[in-house]
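Examining the three-dimensional arrangement
For reference, the chains in residue letters:
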Amino acid sequence: QVQLVESGGGLVQAGESLRLSCTASASGRASSVYNMAWSRQAPGKEREFVASIRWSGGVTAYADSVKGRFTISRDNVRNTVYLQMNSLKPEDTAVYYCNCVLNVAGNYWGQGTQVTVTS
């Protein structure tokens, strides 16, 4: 089992920045991490992919809507993934979820953290 704890959400104005964090901890035996990602879900909409990072090698991927504004990074020692969000827009308002995929049999989600951007 892997537990994911997210933090860093909040209320900001358009143009401001926030940094989200997600720390993974394992109980019992768990395989190594393959990939961690952030997704988001706005009210009345489906959950959508935001960004991901391969745990080994650090290859990243981003949704077109956040390219150039958001940066995903990781700290392998702290088992933490970050999402630096700059130039935030009202349309970025959503609950942001952390996701962890293991190399062997495991796909976990955090509880979500609210990000609200006012105009």
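To keep things clear, this report deals only with the structure shown in the data block. Given the structure is predicted, the values throughout are model-derived calculations rather than measurements.

With respect to the overall build of the protein chain
The helix and strand inventory of the protein chain stands at zero helices and 11 strands. Reading the helices (α) and strands (β) of the protein chain from amino to carboxyl end gives β-β-β-β-β-β-β-β-β-β-β. Taken along the three principal axes of its C-alpha coordinates, the protein chain extends 45 × 25 × 25 Å. Within the protein chain, the fraction of its 119 residues that count as buried is 41%.

Focus on the packing of aromatic side chains
Working definition: an aromatic ring pair is given by the centre-to-centre distance plus the angle between the planes. Across all of its chains, the model carries zero aromatic pairs by this definition. In this structure, Arg47 packs its charged tip against the face of Tyr97, placed 3.7 Å from the ring centre. Geometry around Trp109 places Arg47 over its ring, the cationic atom sitting 4.7 Å from the centre.

Some words on the state of the cysteines
Applying the stated criterion to the full structure yields one disulfide. Here Cys22 connects covalently by a disulfide to Cys98, the sulfurs 2.1 Å from one another. Since a negative S-S torsion denotes a left-handed disulfide, the Cys22-Cys98 link at about -80 degrees is left-handed. Placement of the pair is Cys22 in strand E3 (residues 18–26) and Cys98 in strand E9 (residues 94–102), with a sequence separation of 76 residues. Per residue, the accessibility class of Cys22 equals that of Cys98, and both read buried. Unpaired in this structure, Cys100 has its nearest cysteine sulfur neighbour in Cys98, at a distance of 7.1 Å. For Cys100, a relative accessible area of 1% puts it in the buried group.

A few points about the layout of surface pockets
By volume, the largest pocket amounts to about 160 Å³. Every residue lining the largest pocket is counted, 13 residues in all, and those nearest its centre are Arg40, Lys45, Glu48, Glu91 and Asp92. A breakdown of the residues in the lining of the largest pocket according to their chemical character gives two nonpolar, three polar and eight charged.

Definitions and cut-offs
Residues numbered from 1 in each chain as written. Predicted model: local features only at pLDDT ≥ 70, side-chain atom pairs only at ≥ 80, totals over all residues. Heavy atoms only, no water. Helix = DSSP H or I, 4+ residues; strand = E, 2+ residues; numbered from the N terminus. Buried < 20%, exposed > 50% of the residue type's maximum accessible area, 1.4 Å probe, protein only. Phe/Tyr/Trp six-rings, centres within 6.5 Å; stacked < 30°, edge-to-face > 60°. Lys NZ or Arg CZ within 6 Å of the ring centre and 35° of its normal. Disulfide = S-S within 2.5 Å. 1 Å grid on protein atoms, 1.4 Å probe; cavity = no way out; pocket = protein on both sides within 12 Å on 5 of 7 lines; lining within 4 Å. Points joined across faces, edges and corners; volume = space filled by probe spheres on them. Nonpolar A, V, L, I, M, F, W, Y, C, P; charged D, E, K, R; others polar.

Just geometry here; none of it tells us what the structure is for.
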